[in-house]
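Coordinate analysis (summary)
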Amino acid sequence: MTTLDTASGTPASTRATHRRIPLSRIITTELRKMFDTRSGFWLMASIGILALLATVAVILFASHGQLTYSTFTSAINIPMTVVLPVIAILSVTSEWSQRSGLTTFTLIPHRGRVIAAKAIACVGVAVVTIPLAFGIGALGNLVGTAIAGVDPVWDLTISNLLAIVLANVLGMLFGFTLGVLIRNSVGALVAYFVYQFLLPTLALILAASQDWFRNLQPWVDFDYAQSALFNGALTTQQWTHLAITGTVWLVIPMTIGLLLVTKAEVK
Amino acid sequence: MITIQSVTKTYGGFTAAADVSFTAQPGRVTGFLGPNGAGKSTTLRILVGLTGATSGTATISGRRYVDLPNPGLQVGVLLDASAQHAGRTGRETLTVAQRFMGLPRGRVEEMLDLVSLTAEEASRRVRDYSLGMRQRLGIATALLGEPEVLILDEPANGLDPAGIRWMRGLLRDYADRGGTVLLSSHLLHEIEVIADDLVVISTGRIVAQGAKSHLLRSAGSLLRTTHRQVLARALLDAGVSSSPVGEDGLLAQADTAQVGKIAFATGVPVVELRPADGGGLEDMFLQLTADTQRDTTSDNQPATDHQQEGAVA
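Reading the values: the criteria
- Residues numbered from 1 in each chain as written.
- Chains lettered and ligands numbered in written order.
- Predicted model: local features only at pLDDT ≥ 70, side-chain atom pairs only at ≥ 80, totals over all residues.
- Helix = DSSP H or I, 4+ residues; strand = E, 2+ residues; numbered from the N terminus.
- Buried ≥ 20, exposed ≤ 12 C-beta atoms within 10 Å, placed from the backbone.
- Contact = placed C-beta atoms within 7 Å.
- Domains from an automatic or database assignment.
- Pairing = 2+ DSSP bridges.
- Axes fitted to C-alpha atoms, helices over the stretch in contact; angles between N-to-C directions.
- Nonpolar A, V, L, I, M, F, W, Y, C, P; charged D, E, K, R; others polar.

1. What about the overall build of chain B?
Within chain B one finds twelve helices and 14 strands. Buried residues in chain B amount to 47% of all 313 residues. Put simply, 71% of the contacts in chain B that link residues at least 6 apart link residues at least 24 apart.

2. Details of the domain arrangement of chain B
What the domain assignment reports for chain B is domain 1 (2-209) and domain 2 (220-275). One C-alpha centre belongs to domain 1 of chain B, the other to domain 2 of chain B; they are set 42 Å apart.

3. Here we look at the sheet that holds strand β5 (residues 63-64) of chain B
All names here are of chain B. Here we have four strands laid out as an open sheet, ordered β2-β1-β4-β5, and antiparallel in their pairing. Each edge of the sheet is formed by a strand with only one pairing partner; in this case those strands are β2 (14-24) and β5. In this fold helix α1 (residues 40-47) packs onto β1 (2-11), β2 and β4 (55-60), with an angle of close to 115 degrees to the strand it touches most, β1.

4. What to know about the interface of chain B and chain A
Chain B puts 45 residues into the contact, and the matching count from chain A is 36 residues. For the side of chain B that touches chain A, the leading source of residues is helix α2 (residues 90-101) of chain B, giving six residues. Split by residue class, the side of chain B that touches chain A holds 23 nonpolar, twelve polar and ten charged.

5. What to know about unusual backbone geometry
Residues and elements named next belong to chain B. Its identity is not glycine, yet S6 carries a phi of approximately 50 degrees, on the positive side. Assignment of secondary structure puts S6 in strand β1. Looking at S6, the number of C-beta atoms within 10 Å reads 14, which means it is partly exposed. Although it is not a glycine, T203 sits at a positive phi angle of roughly 40 degrees. The residue T203 is located in the loop between β9 (197-202) and β10 (205-211) in this model.

Spelled out as structure tokens, the structure:
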């Protein structure tokens, strides 16, 4: 077996004082950790694959009148609202569920920095992949209308697209928050799907039957407030709704989650 | 240099570590010994900042672990070889650590080579690793940044006999070149063979510490003589208790110099005189931790030791 001398220097060598690990290096390494497992890789790849499938489906099944850019982007958006938060959740919870946090938090003994780096990496993923998916949608719109022999319709403005990016980033950050709060892959995923698919239905039923909730909903329902982002420009009041629900659903749980993370034992 | 001063950790009413103080010196291997649940892991976790101490301080080269700017370059840590992402390959696991530390890419292959993980093994996912391979990977991660301090929790777990011997050589060499090694284990013989200094912990308290040679001396001397009864009485007169061993042997509770003097003064021939080594630490360990030993643990002890002896041979 190799002796230590050839591969490792003198352990007691006095070194120049080390530099603090820069946040940028933690971000890029955390980004790498989101891709470097089989499940991580396929989650990322699935964004592109699902965007492609959604685009093909629109070309195949949409009527000529429906062949507009917004049809493509809304079709692409459905898989994205699921996959991006899942990526965000797993980036946090795997440190506990896979126990790799023992190494991560030993190499970087400041958990707040690690969580911040992960959050930035997640937003980075969203900001890169969403325009990419929209690009696939744009190609689909060109190809689809060419096949159908109609003129392509570009019915979304840049501010529309930015609003959709914002909605997805918020969704991803909500998944991230659940990950920080729950720190268990299965638990956080279940919580996210309950939030994403069960709560809106319940809210819908409640709003339909109860007047008091219908008036209250924009002020308490984060998902409802976000949905405005998909429907054109927001009014000042809608921005206010978004800010208030965002504080309740994102900022407060995140603060609690961060406090728990710094205290929680990494077993 | 590791300094732990009056570290106490309580969980509700349970005290995991009570006023724990010891040091681990450069150039020496310090064995941190204790039965399961004695507080070894808690102490090590406090040392590396994973768990907060209720009171007391733990420093490495004079600084708290959390104040180290890039801890991986100063302290190599292996607390649990199983705590690695199952979906990452061995090489990728090392690469992630290498990037966090900001080391050149080539260090990863050097470390794989050092711990004898082949290129094929390094490309496998950690979920397909044996515990021994995970230990090697964990040691590679710990050594990646060429640290001057090593903190290892039960590193011999899961290693085969050749692996244990390799690890022993590696740690010995590391300490001989000036490194500080703090190594925990509940395997008595593993520690006895490699450690220079010993710290024994039981139910959260340090019950013995010091140089191994010093601690083991208290185990006494073994002698063989043609006049056992005469010498036993002479020893007792000198305040040294002894007990008969075998046909003509005595186990005296004093060091060989003192026993030799008494035998000479008594004028009886001594056939053999040596420090009572075999199981010295084991006796001490079992004695010190007797109150916490469960019956099953005591029963299993000889079997474990036997395996270890096989491993040593």
